[in-house]
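# Secondary and tertiary structure notes
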Amino acid sequence: MKIYNTLTKKKEEFIPVNPPNVGIYVCGPTVYDYFHIGNARSFVMADIIQRYMRYKGYKVKFVMNLTDVDDKIIKKANEEGVDAKEIAERFSEAFFEDIEKLKVRRADVYPKATEHIAEIVDLIKKLEKKGIAYRTNGDVFYDVLKFDGYGKLSGKKLDELESGARVEVNEKKHNPLDFALWKSAKPDEPHWESPWGEGRPGWHIECSAMSMKHLGESFDIHAGGHDLIFPHHENEIAQSEGATGKPFVKYWIHFGFLNIRDEKMSKSLGNFFTAREILKKYPAETIRLLFSQTHYASPLNFSEELLNSVNKGLEKITNFYQTINGLINQTDESAGYPQFDVQKFYHAFEAAMDDDFNTPKAVAVIYDFIKEANKLISGEKNYSKNFYADILKFMDKTAEGVLGIVQKEKVSQSDTPEKVDELLDLLIKTRLEAKKSKNYQLADMIRDELNKLGYILQDTKDGTIIKRK
Ligand SMILES: [Zn+2]
(Lines give C-alpha, C1' and ligand atoms only; values in the text may rest on other atoms or scores of the structure.)
Protein backbone atom coordinates (compact mmCIF):
# COMPACT_ATOMS: atom_id res chain seq x y z
CA MET A 1 0.00 0.00 0.00
CA LYS A 2 1.27 3.44 -0.91
CA ILE A 3 0.43 6.71 0.81
CA TYR A 4 1.31 10.25 -0.23
CA ASN A 5 3.23 11.68 2.70
CA THR A 6 3.10 15.47 3.13
CA LEU A 7 6.31 15.27 5.15
CA THR A 8 8.42 13.74 2.37
CA LYS A 9 6.23 15.04 -0.49
CA LYS A 10 6.31 11.56 -2.04
CA LYS A 11 4.09 8.54 -2.40
CA GLU A 12 5.67 6.00 -0.05
CA GLU A 13 5.21 2.33 0.74
CA PHE A 14 3.23 2.04 3.97
CA ILE A 15 5.27 0.27 6.65
CA PRO A 16 3.76 0.59 10.13
CA VAL A 17 5.97 1.43 13.11
CA ASN A 18 4.78 -1.67 14.94
CA PRO A 19 2.84 -4.02 12.63
CA PRO A 20 0.13 -5.23 12.62
CA ASN A 21 -0.79 -2.29 14.82
CA VAL A 22 -1.57 1.00 13.16
CA GLY A 23 -2.07 4.21 15.12
CA ILE A 24 -4.08 6.96 13.46
CA TYR A 25 -4.68 10.42 14.89
CA VAL A 26 -7.04 12.89 13.23
CA CYS A 27 -7.58 16.45 14.39
CA GLY A 28 -11.17 16.60 15.52
CA PRO A 29 -13.61 19.45 15.95
CA THR A 30 -13.47 22.52 18.14
CA VAL A 31 -16.88 22.10 19.69
CA TYR A 32 -18.41 25.59 19.45
CA ASP A 33 -20.83 25.07 16.54
CA TYR A 34 -22.26 22.44 14.16
CA PHE A 35 -19.55 21.23 11.82
CA HIS A 36 -19.72 22.27 8.17
CA ILE A 37 -19.69 20.14 5.04
CA GLY A 38 -15.94 20.76 4.57
CA ASN A 39 -15.26 19.26 8.01
CA ALA A 40 -17.60 16.41 7.09
CA ARG A 41 -15.35 15.63 4.13
CA SER A 42 -12.32 15.26 6.43
CA PHE A 43 -14.24 13.08 8.89
CA VAL A 44 -15.63 10.82 6.15
CA MET A 45 -12.31 10.44 4.33
CA ALA A 46 -10.52 9.66 7.60
CA ASP A 47 -13.25 7.11 8.27
CA ILE A 48 -12.70 5.47 4.87
CA ILE A 49 -8.94 5.31 5.55
CA GLN A 50 -9.43 3.61 8.90
CA ARG A 51 -12.07 1.24 7.47
CA TYR A 52 -9.68 0.24 4.69
CA MET A 53 -6.83 -0.33 7.14
CA ARG A 54 -9.11 -2.70 9.07
CA TYR A 55 -10.15 -4.36 5.79
CA LYS A 56 -6.44 -5.02 5.16
CA GLY A 57 -6.21 -6.76 8.52
CA TYR A 58 -4.34 -4.10 10.48
CA LYS A 59 -5.12 -3.65 14.15
CA VAL A 60 -6.14 -0.03 14.07
CA LYS A 61 -6.28 2.36 16.99
CA PHE A 62 -8.09 5.45 15.78
CA VAL A 63 -7.94 8.58 17.92
CA MET A 64 -9.78 11.85 17.30
CA ASN A 65 -9.51 14.71 19.74
CA LEU A 66 -12.22 17.12 20.80
CA THR A 67 -10.96 20.65 21.43
CA ASP A 68 -13.24 21.68 24.26
CA VAL A 69 -11.39 24.76 25.52
CA ASP A 70 -10.66 27.45 22.96
CA ASP A 71 -11.16 31.16 22.13
CA LYS A 72 -14.15 30.38 19.90
CA ILE A 73 -15.90 28.38 22.62
CA ILE A 74 -15.28 31.12 25.19
CA LYS A 75 -16.55 33.78 22.77
CA LYS A 76 -19.75 31.88 22.10
CA ALA A 77 -20.27 31.22 25.82
CA ASN A 78 -19.91 34.94 26.56
CA GLU A 79 -22.34 35.84 23.78
CA GLU A 80 -24.93 33.47 25.18
CA GLY A 81 -24.11 34.25 28.80
CA VAL A 82 -23.48 30.61 29.66
CA ASP A 83 -20.55 28.54 30.84
CA ALA A 84 -17.90 27.51 28.26
CA LYS A 85 -18.46 23.96 29.45
CA GLU A 86 -22.11 24.11 28.46
CA ILE A 87 -21.23 25.17 24.90
CA ALA A 88 -18.60 22.43 24.61
CA GLU A 89 -21.01 19.78 25.87
CA ARG A 90 -23.86 20.91 23.62
CA PHE A 91 -21.76 20.81 20.46
CA SER A 92 -19.89 17.63 21.39
CA GLU A 93 -23.26 15.94 21.56
CA ALA A 94 -24.24 17.46 18.20
CA PHE A 95 -20.93 16.29 16.74
CA PHE A 96 -21.60 12.68 17.76
CA GLU A 97 -25.16 12.82 16.40
CA ASP A 98 -23.97 14.13 13.04
CA ILE A 99 -21.05 11.75 12.52
CA GLU A 100 -23.34 8.86 13.37
CA LYS A 101 -25.77 10.02 10.70
CA LEU A 102 -22.83 10.20 8.29
CA LYS A 103 -22.06 6.55 9.10
CA VAL A 104 -18.64 7.54 10.42
CA ARG A 105 -17.47 4.74 12.69
CA ARG A 106 -16.72 5.66 16.25
CA ALA A 107 -13.05 6.30 17.01
CA ASP A 108 -11.41 4.11 19.66
CA VAL A 109 -10.75 7.18 21.79
CA TYR A 110 -12.11 10.73 21.72
CA PRO A 111 -9.74 12.50 24.10
CA LYS A 112 -10.81 15.91 25.38
CA ALA A 113 -8.33 18.70 25.99
CA THR A 114 -9.83 19.55 29.38
CA GLU A 115 -9.26 15.96 30.53
CA HIS A 116 -5.56 16.02 29.56
CA ILE A 117 -4.33 19.12 31.37
CA ALA A 118 -1.80 17.08 33.41
CA GLU A 119 -0.26 15.58 30.24
CA ILE A 120 -0.18 18.98 28.57
CA VAL A 121 1.53 20.58 31.57
CA ASP A 122 4.09 17.75 31.66
CA LEU A 123 4.91 18.22 28.00
CA ILE A 124 5.39 21.98 28.39
CA LYS A 125 7.59 21.34 31.45
CA LYS A 126 9.78 19.05 29.33
CA LEU A 127 10.13 21.70 26.64
CA GLU A 128 10.95 24.36 29.21
CA LYS A 129 13.59 22.14 30.78
CA LYS A 130 15.22 21.64 27.41
CA GLY A 131 15.28 25.38 26.84
CA ILE A 132 12.88 25.21 23.89
CA ALA A 133 10.07 27.01 25.71
CA TYR A 134 10.25 30.32 27.58
CA ARG A 135 7.88 32.09 29.91
CA THR A 136 6.84 35.72 30.02
CA ASN A 137 4.33 36.89 32.66
CA GLY A 138 2.38 33.68 32.99
CA ASP A 139 2.43 32.85 29.28
CA VAL A 140 4.70 30.15 27.90
CA PHE A 141 5.90 30.28 24.29
CA TYR A 142 7.64 27.82 22.02
CA ASP A 143 10.97 29.11 20.69
CA VAL A 144 10.92 28.06 17.02
CA LEU A 145 14.61 28.96 16.50
CA LYS A 146 15.53 26.20 18.97
CA PHE A 147 14.06 23.47 16.77
CA ASP A 148 16.11 22.64 13.69
CA GLY A 149 13.35 20.98 11.74
CA TYR A 150 10.89 23.86 11.96
CA GLY A 151 9.22 24.23 8.54
CA LYS A 152 9.88 20.68 7.34
CA LEU A 153 6.22 19.75 6.99
CA SER A 154 5.10 22.88 5.18
CA GLY A 155 8.34 22.75 3.18
CA LYS A 156 9.26 26.33 3.99
CA LYS A 157 12.24 28.07 5.54
CA LEU A 158 11.83 30.23 8.60
CA ASP A 159 12.16 33.56 6.74
CA GLU A 160 9.58 32.48 4.14
CA LEU A 161 7.20 31.48 6.90
CA GLU A 162 7.72 34.76 8.72
CA SER A 163 6.93 36.87 5.69
CA GLY A 164 4.13 34.63 4.43
CA ALA A 165 2.25 33.83 7.58
CA ARG A 166 -0.18 36.12 9.26
CA VAL A 167 1.45 35.89 12.64
CA GLU A 168 0.14 37.76 15.57
CA VAL A 169 2.35 40.65 16.72
CA ASN A 170 3.14 40.32 20.37
CA GLU A 171 6.08 42.01 22.04
CA LYS A 172 6.24 39.18 24.57
CA LYS A 173 7.53 36.83 21.84
CA HIS A 174 11.19 36.45 20.84
CA ASN A 175 10.25 35.60 17.27
CA PRO A 176 6.97 36.35 15.47
CA LEU A 177 6.58 32.63 14.68
CA ASP A 178 6.82 31.60 18.34
CA PHE A 179 3.47 30.29 19.53
CA ALA A 180 1.70 29.97 22.86
CA LEU A 181 1.91 26.69 24.75
CA TRP A 182 0.21 28.07 27.85
CA LYS A 183 -1.94 31.18 28.13
CA SER A 184 -2.30 32.97 31.44
CA ALA A 185 -5.83 33.15 32.83
CA LYS A 186 -8.03 36.08 31.88
CA PRO A 187 -11.14 37.00 33.88
CA ASP A 188 -14.18 34.84 33.07
CA GLU A 189 -12.15 32.23 31.21
CA PRO A 190 -11.77 28.58 32.16
CA HIS A 191 -8.37 28.02 33.75
CA TRP A 192 -6.24 25.45 35.55
CA GLU A 193 -3.34 25.44 38.00
CA SER A 194 0.14 25.12 36.52
CA PRO A 195 3.80 25.85 37.38
CA TRP A 196 3.35 29.13 35.43
CA GLY A 197 0.26 30.18 37.34
CA GLU A 198 -3.39 29.76 36.43
CA GLY A 199 -4.12 29.50 32.75
CA ARG A 200 -5.14 27.27 29.87
CA PRO A 201 -3.32 25.36 27.14
CA GLY A 202 -2.74 26.59 23.59
CA TRP A 203 -4.42 24.64 20.81
CA HIS A 204 -1.32 23.06 19.23
CA ILE A 205 0.06 21.51 22.44
CA GLU A 206 -3.26 19.72 23.06
CA CYS A 207 -2.82 17.59 19.95
CA SER A 208 0.82 16.73 20.74
CA ALA A 209 -0.02 15.70 24.30
CA MET A 210 -3.15 13.72 23.46
CA SER A 211 -1.80 11.92 20.40
CA MET A 212 1.37 10.79 22.22
CA LYS A 213 -0.58 9.75 25.29
CA HIS A 214 -2.90 7.49 23.30
CA LEU A 215 -0.62 6.33 20.46
CA GLY A 216 2.93 6.59 21.82
CA GLU A 217 5.76 9.01 21.07
CA SER A 218 6.15 7.71 17.48
CA PHE A 219 3.09 6.58 15.58
CA ASP A 220 1.93 5.86 12.03
CA ILE A 221 -0.59 8.29 10.60
CA HIS A 222 -1.63 11.81 11.45
CA ALA A 223 -4.34 13.34 9.29
CA GLY A 224 -6.30 16.55 9.03
CA GLY A 225 -7.48 19.24 6.65
CA HIS A 226 -5.01 20.86 4.28
CA ASP A 227 -5.39 24.14 6.16
CA LEU A 228 -3.88 22.52 9.27
CA ILE A 229 -0.43 21.89 7.73
CA PHE A 230 0.76 25.30 8.85
CA PRO A 231 0.94 26.26 11.57
CA HIS A 232 -0.96 23.57 13.50
CA HIS A 233 0.80 20.41 12.32
CA GLU A 234 4.15 22.12 11.89
CA ASN A 235 3.88 23.15 15.54
CA GLU A 236 2.82 19.68 16.64
CA ILE A 237 6.01 18.25 15.13
CA ALA A 238 8.14 20.95 16.77
CA GLN A 239 6.57 20.31 20.18
CA SER A 240 6.61 16.51 20.09
CA GLU A 241 10.02 15.99 18.50
CA GLY A 242 11.47 18.86 20.54
CA ALA A 243 10.35 17.10 23.72
CA THR A 244 11.12 13.46 22.88
CA GLY A 245 13.97 13.71 20.36
CA LYS A 246 12.18 10.95 18.39
CA PRO A 247 10.35 11.09 15.06
CA PHE A 248 6.75 11.97 15.90
CA VAL A 249 4.63 10.77 12.95
CA LYS A 250 5.64 8.59 10.02
CA TYR A 251 2.93 9.51 7.47
CA TRP A 252 1.13 12.85 7.29
CA ILE A 253 -2.12 12.83 5.30
CA HIS A 254 -3.96 16.01 4.34
CA PHE A 255 -7.48 16.38 2.96
CA GLY A 256 -8.16 18.88 0.17
CA PHE A 257 -10.39 21.93 0.44
CA LEU A 258 -14.09 21.84 -0.21
CA ASN A 259 -15.34 24.82 -2.23
CA ILE A 260 -18.90 25.80 -3.00
CA ARG A 261 -19.26 26.61 -6.71
CA ASP A 262 -15.59 27.54 -6.98
CA GLU A 263 -15.75 29.83 -3.99
CA LYS A 264 -14.38 29.34 -0.53
CA MET A 265 -17.22 28.49 1.84
CA SER A 266 -17.90 31.30 4.26
CA LYS A 267 -20.75 32.59 6.37
CA SER A 268 -20.37 36.10 4.94
CA LEU A 269 -20.73 34.88 1.35
CA GLY A 270 -23.93 33.05 2.31
CA ASN A 271 -22.62 29.77 0.92
CA PHE A 272 -22.10 28.05 4.24
CA PHE A 273 -23.61 24.61 4.83
CA THR A 274 -23.52 22.56 7.97
CA ALA A 275 -23.43 18.79 7.58
CA ARG A 276 -26.64 18.75 9.61
CA GLU A 277 -28.50 20.82 6.97
CA ILE A 278 -27.29 18.66 4.09
CA LEU A 279 -28.18 15.47 5.99
CA LYS A 280 -31.78 16.67 6.24
CA LYS A 281 -32.06 16.55 2.46
CA TYR A 282 -29.72 13.76 1.42
CA PRO A 283 -28.88 10.35 2.82
CA ALA A 284 -25.41 9.79 4.25
CA GLU A 285 -24.62 7.43 1.38
CA THR A 286 -25.07 10.19 -1.21
CA ILE A 287 -22.70 12.46 0.69
CA ARG A 288 -20.16 9.66 1.13
CA LEU A 289 -20.41 8.66 -2.53
CA LEU A 290 -19.86 12.27 -3.59
CA PHE A 291 -16.78 12.52 -1.38
CA SER A 292 -15.49 9.14 -2.62
CA GLN A 293 -15.73 10.25 -6.23
CA THR A 294 -12.94 12.78 -5.64
CA HIS A 295 -9.48 11.86 -4.39
CA TYR A 296 -9.12 12.89 -0.75
CA ALA A 297 -6.22 15.27 -1.46
CA SER A 298 -7.85 17.09 -4.39
CA PRO A 299 -10.07 20.12 -4.00
CA LEU A 300 -13.77 19.28 -4.21
CA ASN A 301 -16.30 21.61 -5.75
CA PHE A 302 -19.57 21.11 -3.92
CA SER A 303 -23.07 21.99 -5.13
CA GLU A 304 -26.60 20.70 -4.80
CA GLU A 305 -26.65 19.81 -8.51
CA LEU A 306 -23.69 17.56 -7.84
CA LEU A 307 -25.49 15.95 -4.90
CA ASN A 308 -28.54 15.37 -7.08
CA SER A 309 -26.53 13.72 -9.81
CA VAL A 310 -24.72 11.54 -7.25
CA ASN A 311 -28.13 10.54 -5.89
CA LYS A 312 -28.78 8.81 -9.25
CA GLY A 313 -25.58 6.80 -8.85
CA LEU A 314 -26.65 5.83 -5.38
CA GLU A 315 -30.01 4.65 -6.68
CA LYS A 316 -28.21 2.32 -9.07
CA ILE A 317 -26.19 0.82 -6.21
CA THR A 318 -29.23 0.51 -3.94
CA ASN A 319 -31.44 -1.08 -6.61
CA PHE A 320 -28.73 -3.56 -7.47
CA TYR A 321 -28.25 -4.52 -3.82
CA GLN A 322 -31.99 -4.93 -3.29
CA THR A 323 -32.41 -7.02 -6.44
CA ILE A 324 -29.68 -9.44 -5.40
CA ASN A 325 -31.09 -9.55 -1.91
CA GLY A 326 -34.43 -10.58 -3.37
CA LEU A 327 -32.95 -13.16 -5.75
CA ILE A 328 -30.94 -14.94 -3.08
CA ASN A 329 -34.08 -16.55 -1.67
CA GLN A 330 -35.73 -17.59 -4.92
CA THR A 331 -33.16 -19.76 -6.64
CA ASP A 332 -33.86 -23.28 -7.75
CA GLU A 333 -31.68 -26.15 -6.55
CA SER A 334 -30.45 -27.05 -10.02
CA ALA A 335 -29.19 -23.56 -10.83
CA GLY A 336 -25.44 -23.28 -11.44
CA TYR A 337 -22.67 -20.78 -10.79
CA PRO A 338 -22.11 -18.59 -13.86
CA GLN A 339 -18.83 -17.54 -15.46
CA PHE A 340 -18.09 -14.68 -13.12
CA ASP A 341 -14.77 -13.83 -11.48
CA VAL A 342 -15.48 -12.05 -8.21
CA GLN A 343 -11.80 -12.23 -7.22
CA LYS A 344 -10.89 -10.03 -10.19
CA PHE A 345 -13.01 -7.25 -8.70
CA TYR A 346 -11.54 -7.64 -5.22
CA HIS A 347 -8.09 -7.25 -6.74
CA ALA A 348 -9.10 -4.19 -8.73
CA PHE A 349 -10.72 -2.61 -5.67
CA GLU A 350 -7.64 -3.25 -3.53
CA ALA A 351 -5.28 -2.02 -6.24
CA ALA A 352 -7.20 1.26 -6.32
CA MET A 353 -7.29 1.67 -2.55
CA ASP A 354 -3.65 0.59 -2.15
CA ASP A 355 -2.67 3.43 -4.44
CA ASP A 356 -2.96 6.27 -1.93
CA PHE A 357 -6.64 5.51 -1.20
CA ASN A 358 -7.80 6.16 -4.76
CA THR A 359 -11.51 6.11 -3.96
CA PRO A 360 -12.65 7.45 -7.37
CA LYS A 361 -11.08 4.36 -8.96
CA ALA A 362 -12.54 2.13 -6.25
CA VAL A 363 -16.02 3.52 -6.98
CA ALA A 364 -15.46 2.84 -10.70
CA VAL A 365 -14.65 -0.79 -9.82
CA ILE A 366 -17.95 -1.06 -7.92
CA TYR A 367 -19.86 0.28 -10.94
CA ASP A 368 -18.05 -2.16 -13.26
CA PHE A 369 -18.92 -4.97 -10.91
CA ILE A 370 -22.60 -3.98 -10.90
CA LYS A 371 -22.60 -3.68 -14.69
CA GLU A 372 -21.14 -7.17 -15.21
CA ALA A 373 -23.34 -8.82 -12.62
CA ASN A 374 -26.41 -7.06 -14.02
CA LYS A 375 -25.71 -8.52 -17.45
CA LEU A 376 -26.04 -11.99 -15.95
CA ILE A 377 -29.06 -11.43 -13.75
CA SER A 378 -31.07 -9.54 -16.36
CA GLY A 379 -31.48 -12.79 -18.33
CA GLU A 380 -34.13 -15.43 -17.71
CA LYS A 381 -31.74 -17.77 -16.04
CA ASN A 382 -31.50 -18.48 -12.34
CA TYR A 383 -28.18 -18.93 -10.60
CA SER A 384 -27.05 -20.73 -7.51
CA LYS A 385 -27.44 -19.24 -4.07
CA ASN A 386 -23.65 -19.12 -3.79
CA PHE A 387 -23.40 -16.74 -6.70
CA TYR A 388 -25.83 -14.23 -5.19
CA ALA A 389 -24.16 -14.64 -1.80
CA ASP A 390 -20.75 -13.86 -3.33
CA ILE A 391 -22.15 -10.74 -4.93
CA LEU A 392 -23.66 -9.50 -1.69
CA LYS A 393 -20.44 -10.32 0.16
CA PHE A 394 -18.42 -8.26 -2.28
CA MET A 395 -20.79 -5.32 -1.91
CA ASP A 396 -20.81 -5.66 1.88
CA LYS A 397 -17.04 -5.78 2.17
CA THR A 398 -16.08 -3.08 -0.32
CA ALA A 399 -18.91 -0.68 -1.19
CA GLU A 400 -20.43 -0.79 2.29
CA GLY A 401 -17.59 -2.01 4.52
CA VAL A 402 -14.98 0.44 3.24
CA LEU A 403 -16.82 3.25 1.47
CA GLY A 404 -20.17 3.12 3.32
CA ILE A 405 -22.27 3.72 0.19
CA VAL A 406 -24.92 0.99 0.30
CA GLN A 407 -28.33 2.02 1.55
CA LYS A 408 -29.25 -1.14 3.39
CA GLU A 409 -32.63 0.04 4.44
CA LYS A 410 -33.83 2.45 1.89
CA VAL A 411 -35.38 5.24 3.85
CA SER A 412 -38.57 6.67 2.55
CA GLN A 413 -37.88 10.35 2.09
CA SER A 414 -41.44 11.30 1.26
CA ASP A 415 -42.70 11.85 4.77
CA THR A 416 -39.86 13.81 6.38
CA PRO A 417 -41.04 17.08 7.96
CA GLU A 418 -38.79 18.98 5.51
CA LYS A 419 -40.49 17.35 2.52
CA VAL A 420 -43.93 18.19 3.90
CA ASP A 421 -42.86 21.83 4.35
CA GLU A 422 -41.63 21.94 0.77
CA LEU A 423 -44.90 20.52 -0.54
CA LEU A 424 -46.94 23.02 1.48
CA ASP A 425 -44.79 25.83 0.09
CA LEU A 426 -45.47 24.60 -3.39
CA LEU A 427 -49.24 24.59 -2.79
CA ILE A 428 -49.18 28.10 -1.37
CA LYS A 429 -47.25 29.34 -4.40
CA THR A 430 -49.65 27.58 -6.76
CA ARG A 431 -52.64 29.18 -4.99
CA LEU A 432 -51.01 32.60 -5.26
CA GLU A 433 -50.46 32.14 -8.98
CA ALA A 434 -54.08 31.04 -9.33
CA LYS A 435 -55.27 34.22 -7.59
CA LYS A 436 -53.03 36.37 -9.75
CA SER A 437 -54.54 34.92 -12.89
CA LYS A 438 -58.02 35.36 -11.33
CA ASN A 439 -58.62 31.62 -11.14
CA TYR A 440 -60.41 31.96 -7.79
CA GLN A 441 -62.04 28.58 -8.11
CA LEU A 442 -58.66 26.84 -8.07
CA ALA A 443 -57.36 29.10 -5.29
CA ASP A 444 -60.35 28.28 -3.10
CA MET A 445 -60.09 24.61 -3.86
CA ILE A 446 -56.47 24.52 -2.66
CA ARG A 447 -57.47 26.38 0.53
CA ASP A 448 -60.43 24.08 1.21
CA GLU A 449 -58.54 20.88 0.51
CA LEU A 450 -55.69 21.97 2.80
CA ASN A 451 -58.30 22.82 5.40
CA LYS A 452 -59.62 19.26 5.23
CA LEU A 453 -56.04 18.03 5.82
CA GLY A 454 -55.80 20.17 8.94
CA TYR A 455 -54.08 23.32 7.65
CA ILE A 456 -55.52 26.80 7.88
CA LEU A 457 -54.39 29.44 5.37
CA GLN A 458 -54.48 33.10 6.31
CA ASP A 459 -53.80 35.86 3.82
CA THR A 460 -51.98 38.78 5.44
CA LYS A 461 -50.39 41.84 3.91
CA ASP A 462 -46.99 40.12 4.27
CA GLY A 463 -48.11 37.01 2.43
CA THR A 464 -49.88 33.79 3.23
CA ILE A 465 -49.28 32.10 6.52
CA ILE A 466 -50.14 28.55 7.23
CA LYS A 467 -51.15 27.06 10.57
CA ARG A 468 -52.00 23.62 11.77
CA LYS A 469 -55.46 23.24 13.25
ZN1 LIG B 1 -4.71 18.85 15.94
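A brief look at the structure comes next.

### Section: the layout of surface pockets
- Roughly 380 Å³ of internal volume is contained in the second largest pocket.
- Lining the second largest pocket we find 20 residues, and of these Asp68, Ala84, Lys85, Thr114 and Pro190 sit closest to its centre.
- When contributions to the lining of the second largest pocket are tallied by element, the ones reaching two or more residues are helix 2 (71–80) and helix 3 (84–101).
- Tallying contributions element by element places helix 3 first for the lining of the second largest pocket, with 5 residues.
- Grouping the constituent residues of the lining of the second largest pocket by class yields 9 nonpolar, 3 polar and 8 charged.

### Looking at the pairing of strand 6 (residues 139–142)
- A two-sided burial pattern is seen for strand 6, the buried positions comprising Asp139 and Phe141 on one face and Val140 and Tyr142 on the other.
- The hairpin formed by strand 5 (residues 133–136) and strand 6 contains 2 residues between the paired strands, and Asn137 there has a positive phi angle of roughly 40°.
- The pairing of strand 6 with strand 7 (residues 179–184) spans 3 bridges and is classified as antiparallel. Its bridge partner being in strand 7, Tyr142 is matched across the sheet by Phe179.

### Here's the deal with the environment of Thr318
- Mapped onto the elements, Thr318 comes out in helix 10 (residues 304–327).
- For Thr318, a relative accessible area of 0% gives the class buried.
- For the pair Thr318 and Lys146, spaced 172 residues apart in the sequence, the C-alpha separation amounts to 56 Å.
- One polar contact links Thr318 to Gln407, side chain to side chain, over a distance of 3.2 Å.

### Regarding the coordination of the zinc ion
- Only Cys27 (SG), Cys207 (SG) and His232 (NE2) from the protein reach the zinc ion as donors, at distances of 2.1 to 2.2 Å.
- All donors of the zinc ion belong to a single chain; written as a sequence motif, their spacing is C-x179-C-x24-H. Linking Cys207 in helix 6 (residues 203–215) with His232 in helix 7 (residues 229–244), this pair joins segments that are 25 residues apart in sequence. When sorted by exposure, Cys207 lands in the same class as His232, which is buried.

### Things to note about the packing of helix 1 (residues 37–55) against helix 11 (residues 342–354)
- For the pair helix 1 and helix 11, the least separation of the axes is 12 Å and the interaxial angle reads 130°. Looking at the two axes, helix 1 sits oblique to helix 11. Classified by chirality, the crossing of helix 11 by helix 1 is left-handed. Side by side, helix 1 and helix 11 meet where Ile48, Tyr52 and Tyr55 of the first sit next to Tyr346, Phe349, Glu350, Met353 and Asp354 of the second.
- Looking at the contact of helix 1 with helix 11, its residues break down into 6 nonpolar, no polar and 2 charged.

### Concerning the sheet that holds strand 12 (residues 263–264)
- Here we have 3 strands laid out as an open sheet, ordered 12-11-13, and mixed in their pairing. Two strands close off the open sheet at either side, each with one partner strand: strand 12 and strand 13 (300–302).
- Sheet topology places strand 11 (residues 258–260) next to strand 13; 3 bridges connect them, and they run parallel. What sits directly across from Asn259, in strand 13, is Asn301.
- With respect to the sheet, helix 1 is in contact with strand 11 and strand 13, its orientation differing from that of strand 11 by roughly 150°.

### A short note on the sheet that holds strand 3 (residues 21–26)
- Taken in spatial order, the 4 strands of this open sheet run 4-3-9-10, and their pairing is parallel. What marks the edges here is a single partner per strand, and that holds for strand 4 (59–64) and strand 10 (249–255). Here the average twist between neighbouring strands, direction ignored, is 20°.
- Taken together, the 6 bridges between strand 3 and strand 4 define a ladder with parallel strand orientation. Counted as the bridge partner of Ile24 is Phe62 from strand 4.

### Focus on the pattern of salt bridges
- Scanning all chains against the criterion turns up 35 salt bridges.
- The salt bridge involving Asp98 is made with Lys101; its shortest N-O contact spans 4.0 Å. A residue pair is termed a helical-turn pair when its members lie 3 or 4 positions apart in one helix, as Asp98 and Lys101 do in helix 3 at 3 residues.
- Among the residues examined, Lys101 registers a relative accessible area of 47% and is labelled partly exposed.
- The residue Glu400 makes a salt bridge to Lys103 at a minimum N-O spacing of 3.1 Å. Residue Glu400 is located in helix 13 (residues 385–403), and its partner Lys103 is located in the loop between helix 3 and helix 4 (117–129); the two are separated by 297 residues in the primary sequence. Exposure class is identical for Glu400 and Lys103. Each is buried.
- Through salt bridges with shared partners, a single network forms among Asp71, Lys183, Glu189 and Arg200.

The rules behind these values
Residues numbered from 1 in each chain as written. Predicted model: local features only at pLDDT ≥ 70, side-chain atom pairs only at ≥ 80, totals over all residues. Heavy atoms only, no water. 1 Å grid on protein atoms, 1.4 Å probe; cavity = no way out; pocket = protein on both sides within 12 Å on 5 of 7 lines; lining within 4 Å. Points joined across faces, edges and corners; volume = space filled by probe spheres on them. Helix = DSSP H or I, 4+ residues; strand = E, 2+ residues; numbered from the N terminus. Nonpolar A, V, L, I, M, F, W, Y, C, P; charged D, E, K, R; others polar. Buried < 20%, exposed > 50% of the residue type's maximum accessible area, 1.4 Å probe, protein only. Pairing = 2+ DSSP bridges. Polar contact = N/O pair within 3.5 Å; in protein donor to acceptor, adjacent residues only side chain to side chain. Donors = N, O, S within 2.8 Å, 3.2 Å for Na, K, Ca; no water. Axes fitted to C-alpha atoms, helices over the stretch in contact; angles between N-to-C directions. Parallel < 35°, antiparallel > 145°, perpendicular 65-115°, else oblique. Left-handed = near helix turned anticlockwise from the far one by under 90°. Contact = heavy atoms within 4.5 Å. Salt bridge = Lys/Arg side-chain N within 4 Å of Asp/Glu carboxyl O.

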